[in-house]
Amino acid sequence: QVQFVESGGGLVQPGGSLRLSCAASGFTFRSFAMSWYRQAPGKERELVATISRTGSSTTYPDSMKDRFTISRDNAKNTVYLQMNSLKPEDTAVYYCNAQWFELNYWGQGTQVTVSS
């Protein structure tokens, strides 16, 4: 079955960095575009970053592109999110997502809290 193991979340001070990892299994990882989403309390889930199947193309909302970097290692079935210069408003549960045509799989989420 499809499984994700997300890690790297936690408490960080404003201005700090975190690297999230999402290790996937149960599907052909290299065939899927991978994304990170986040959801803050009381807000809708929003897209953070997307990476193509080969990793050759990445896309970000304008508000994310300067501080966040998505990458993937198809040999390890893992997608990463490097987050720099974190702000309190980045506090949210971060989810990895795998998408291929109508197939859409979600991780369980990892909490990121930015606070002094």
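In the block above lies the structure referred to throughout.
In this report, the structure presented in the accompanying data block is examined. (Residues numbered from 1 in each chain as written. Predicted model: local features only at pLDDT ≥ 70, side-chain atom pairs only at ≥ 80, totals over all residues. Heavy atoms only, no water.)

### Observations regarding the sheet that holds strand S8 (residues 78-83)
1) Next: Strand order in the open sheet formed by 4 strands is S1-S3-S8-S7, and the pairing between neighbours is antiparallel. Two strands bound the open sheet, and with one partner strand each, they are strand S1 (3-7) and strand S7 (68-73). For this sheet, the mean angle separating the axes of adjacent strands, direction not counted, is 15°. (Pairing = 2+ DSSP bridges. Helix = DSSP H or I, 4+ residues; strand = E, 2+ residues; numbered from the N terminus. Axes fitted to C-alpha atoms, helices over the stretch in contact; angles between N-to-C directions.)

### Describing the environment of Gln 108
1) Next: The topology assignment puts Gln 108 in the loop between strand S10 (103-106) and strand S11 (110-114).
2) Next: On the accessibility criterion, Gln 108 (48% relative accessible area) is partly exposed.
3) Next: The contact partners of Gln 108, leaving out residues within four places of it in the chain, are Phe 4, Glu 6 and Tyr 95. (Buried < 20%, exposed > 50% of the residue type's maximum accessible area, 1.4 Å probe, protein only. Contact = heavy atoms within 4.5 Å.)

### Observations regarding unusual backbone geometry
1) Next: Not every positive phi belongs to a glycine, and Asn 77 is a case in point at roughly 55°.
2) Next: Tracing the sequence through the fold places Asn 77 in the loop between S7 and S8.
3) Next: Despite not being glycine, Ser 85 shows a phi value in the positive range, around 50°.
4) Next: Structurally, Ser 85 can be placed in the loop between S8 and strand S9 (92-100).
5) Next: The partly exposed category is assigned to Ser 85, whose relative accessible area is 42%.

### A closer look at the nonpolar core
1) Next: By size, the foremost hydrophobic cluster in this structure holds 29 residues, and its most contacted members are Trp 36, Val 79, Leu 81, Met 83 and Tyr 94.
2) Next: At the level of elements, strand S3 (18-25), strand S4 (33-39), strand S5 (46-51), S7, S8, S9 and S11 are the ones that each hand at least two residues to this core. (Core = buried A, V, L, I, M, F, W, Y, C linked by side-chain atoms within 4.5 Å.)

### Quick word on the pattern of salt bridges
1) Next: The full count for this structure, using the stated rule, is 4 salt bridges.
2) Next: Residue Arg 38 is joined to Glu 46 by a salt bridge in which the shortest nitrogen-to-oxygen separation is 2.7 Å.
3) Next: Using a relative accessible area of 9% as the deciding quantity, one classes Arg 38 as buried.
4) Next: Across the pair Lys 65 and Asp 62 runs a salt bridge whose closest N-O atoms are separated by 3.3 Å.
5) Next: With a relative accessible area of 63%, Asp 62 lands in the exposed category.
6) Next: Residues joined in a network through salt bridges with shared partners are Arg 38, Glu 46, Arg 67 and Asp 90. (Salt bridge = Lys/Arg side-chain N within 4 Å of Asp/Glu carboxyl O.)

On their own, these measurements won't tell you what the molecule is for.
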